[in-house]
Amino acid sequence: MRIVEASPDWIREAGRLLRFGKLVVLPTETVYGLAADATRPDAVAKVYSAKGRPAENPMIVHVAELEDARNLASEWPDAAEALARRFWPGPLTLVVRSSGRIPAIVAGGLQTVALRIPEHPVAREAIREAGVPLAMPSANRFMELSPTRVGHLHPEVLAAVDLVLDAGSCQVGVESTVVDVSDAPPRILRPGGVNRAEIEAALKEPLGSKPGQGRLSPGMYSRHYAPRAKVVLTERVPSGEAGLTFGEAGPAQIRMPRDPSAYAARLYDSLHRLDERNPNRILIEAPPDDPAWETVWDRIRKAAGETQPDGPT
Ligand code: TXA
Ligand code: MG
């Protein structure tokens, strides 16, 4: 395994390795991803084992162009077109009915496929160089925090890959928003980098509230995105305890931004940093109870292992 700074030559090498069925860690604007050729079941199987991830947990397929996304779908509804045109390339994933070109192992046996065009130039260029769609989950071990810097990568993930392209910190810092458009009305399966209000504005219709019967996103667990230390949500972080706060930060604490996007961008890195010091627990000061904070609330609840009252979203 080699860790190199992303350059045109190394991006070309990443593409070559991916074509040979090897695994490569790539930067995206959301989090670092663990990439494999999505058309090769042998390569995709290696991703599941590197992550320690159960096989029913489907992966997002990343492509470089809108045309390539449409070709992987058996139906391309108006909602898909509207959202793709508004948010791609970017932190949005669309679940559509699959054309069957992507092998079943990628979608955990579902009839649908999740598609995304990442905005990060290194990721997009690597997809072009590979010349194939890339299955690319976040490059963390199953249930752990996603990496937003190369320094966050787990030794077992590093051991399973041939190459890591380093491009510094991920700007969005949390995963893409997953929207199911395979059936009407469109629904958010996982909040993420694009917020609900922006999606509804682009759709010009309200999103469905809860996933219907059989439409839950597999891989939505109540504990997920978690550091090693126990995480507890609280009104205030007492001085002397490790945690994330909005106020003055003590020595074991990190002061977080009051803007939800800026907060999200720093959340995983802050949890990784606190976790490195092996605290007994990490306290997180509750952010505002406001729709703009939906993604942050989702991730901190999951880090705390709290089930959401309205089920997984
Ligand atoms: O930002 C991101 O989305 C990152 C970067 C690397 O692109 N990727 C990522 O992938 O977060 P992953 O595998 O860690 O999360 C994929 C999510 C899971 O919640 C999974 O359940 C959902 O997408 N998903 C994938 N395929 C699906 C499908 N066919 N139907 C419903 N949900 C699906
Ligand atoms: Mg993940």
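The preceding data block contains the structure.
Bear in mind that the values here come from a model prediction, so they are computed numbers and not experimental data. (Residues numbered from 1 in each chain as written. Chains lettered and ligands numbered in written order. Predicted model: local features only at pLDDT ≥ 70, side-chain atom pairs only at ≥ 80, totals over all residues. Heavy atoms only, no water.)

Q: Would you explain the pattern of salt bridges in this entry?
A: Between side chains of opposite charge, pairing is possible as soon as their charged atoms come close. Tallied over the full model, the rule gives 21 salt bridges. Between Glu-241 and Arg-281 there is a salt bridge, with the nearest N and O atoms lying 2.7 Å from each other. Pair noted here: Glu-241 is in the loop between β11 (230-234) and β12 (243-245) and Arg-281 is in strand β14 (residues 281-285), with a separation of 40 residues, a long-range link. Residue class for Arg-281 comes out partly exposed when judged on its relative accessible area of 31%. The residue Arg-299 makes a salt bridge to Asp-298 at a minimum N-O spacing of 2.6 Å. On the accessibility criterion, Asp-298 (2% relative accessible area) is buried. (Salt bridge = Lys/Arg side-chain N within 4 Å of Asp/Glu carboxyl O. Helix = DSSP H or I, 4+ residues; strand = E, 2+ residues; numbered from the N terminus. Buried < 20%, exposed > 50% of the residue type's maximum accessible area, 1.4 Å probe, protein only.)

Q: Mind showing me how you'd approach the nonpolar core here?
A: Generally speaking, soluble globular proteins have nonpolar side chains that are buried together. The biggest cluster of nonpolar side chains holds 50 residues, and the ones touching the most others in it are Trp-76, Leu-83, Trp-88, Leu-94 and Ile-199. Secondary-structure elements contributing two or more residues to this core are β3 (33-37), α2 (41-51), α3 (66-71), α4 (78-87), β5 (92-97), β6 (112-116), α6 (155-160) and α7 (196-203). Those residues in contact with Ile-199 that sit more than four places away from it in its chain are Leu-83, Phe-87, Leu-92, Thr-177, Val-179, Ile-188, Val-194 and Leu-207. By size, the runner-up hydrophobic cluster in this structure holds 25 residues, among which are Val-31, Val-231, Phe-246 and Ala-264. (Core = buried A, V, L, I, M, F, W, Y, C linked by side-chain atoms within 4.5 Å. Contact = heavy atoms within 4.5 Å.)

Q: What am I meant to see in the packing of helix α8 (residues 260-276) against helix α9 (residues 294-303) here?
A: Packed helices, taken two at a time, are described by the angle their axes make and the gap between the axes. Where α8 meets α9, the closest approach of the two axes is 9 Å, and the angle between their N-to-C directions is 30°. Classified by the angle between their axes, α8 and α9 sit roughly parallel to one another. Read as a crossing pair, α8 and α9 show a hand that is left-handed. For the pair formed by α8 and α9, the contact residues are Pro-260, Tyr-263, Ala-264, Leu-267 and Tyr-268 on the first element and Val-296, Arg-299 and Ile-300 on the second. Broken down by class, the residue content of the contact of α8 with α9 amounts to seven nonpolar, no polar and one charged. (Axes fitted to C-alpha atoms, helices over the stretch in contact; angles between N-to-C directions. Parallel < 35°, antiparallel > 145°, perpendicular 65-115°, else oblique. Left-handed = near helix turned anticlockwise from the far one by under 90°. Nonpolar A, V, L, I, M, F, W, Y, C, P; charged D, E, K, R; others polar.)

Q: Which parts of the structure should I look at to understand unusual backbone geometry?
A: Where the residue is not glycine, phi is negative for most of them; where a peptide bond is considered, it is trans in most cases. Trp-88 connects to Pro-89 through a cis peptide bond whose omega is -5°. Here Pro-89 shows up in the loop between α4 and β5. In this model, Ala-184 is joined to Pro-185 through a cis peptide bond whose omega is -10°. Position of Pro-185 among the secondary structure elements: in the loop between β9 (177-180) and β10 (187-190).

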